[in-house]
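Spelled out from the first residue to the last, the chains are:
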Amino acid sequence: LARVWSTSELRDLMHEMQTELGASHAYVSAPEQDGEVKGAAQGFLGAETCWDAELEQWRICSLVRGAAWDEQAVGVLAAAGGGRVRVGDRITAINHRPLTYE
């Protein structure tokens, strides 16, 4: 459990444990939440970053584009502002905190 960082990962772990035990028809579901906003679930930004040693900054190396047949299956950054975030863009800070290699 030391490497489980989210409820989603915990559900995945529990599902795998049930599978290994051979427990058929056993399910793990997220708790129902009042006022849950569709599409507002926590997730990944959909970008791979790499360190640019020459500039000493992080860059976006790739963006998740998703599936052409599913408009909802796209990384947040690829969908942000109609493509304002691009491969090669630099990430200089998060929440006004400068980023370093460490």
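The structure presented is a predicted model; accordingly, all values stated were derived computationally and were not measured.

Caption draft 1: Spatial organisation of the overall build of the protein. Across its full length, the protein holds two helices and five strands. Order of helices (α) and strands (β) in the protein, N terminus to C terminus: α-β-β-α-β-β-β. For the protein, the proportion of contacts with a sequence separation of at least 24, taken over those separated by at least 6, is 37%. Carbon and sulfur atoms form 52% of the exposed surface of the protein, whose accessible area is close to 9,200 Å².

Caption draft 2: Spotlight on the packing of aromatic side chains. Tallied over the entire structure, the rule returns three aromatic pairs. For the ring pair Trp58 and Tyr101, a centre distance of 6.0 Å and an interplane angle of 5° mean the geometry is stacked. One end of the pair, Trp58, is in strand 2 (residues 57–63); the other, Tyr101, is in the segment after strand 5 (97–98), and 43 residues separate them in sequence. Overall, the relative accessible area of 51% leaves Tyr101 in the exposed class. These aromatic residues form a ring-pair network of at least three members: Trp51, Trp58 and Tyr101.

Criteria and thresholds
- Within each chain, residue numbers correspond to sequence positions counted from 1 in written order.
- Local features in a predicted model are, by the rule used here, given only for residues with pLDDT of at least 70; side-chain atom pairs are given and counted only at 80 or more, and totals for whole chains, interfaces and linings are based on all residues.
- The basis for every side-chain value is the complete set of non-hydrogen atoms in the structure, without hydrogens or water.
- Helix and strand definitions follow DSSP, with helices as H or I runs of at least four residues and strands as E runs of at least two, each counted in order from the N terminus.
- Residues are treated as being in contact if the distance between any of their heavy atoms lies within 4.5 Å.
- Residue exposure ignores everything except the shown protein chains as possible cover, and the areas themselves are Shrake-Rupley values with a 1.4 Å probe.
- Stacked, edge-to-face and tilted are the three classes for Phe, Tyr and Trp ring pairs, Trp counted by its six-membered ring, which pair at centre distances within 6.5 Å; planes under 30 degrees apart are stacked, over 60 edge-to-face, the rest tilted.
- A 1.4 Å probe rolled over the protein chains alone gives each residue an accessible area, and that area as a share of the maximum for its type sets the label: buried under 20%, exposed over 50%, partly exposed in between.

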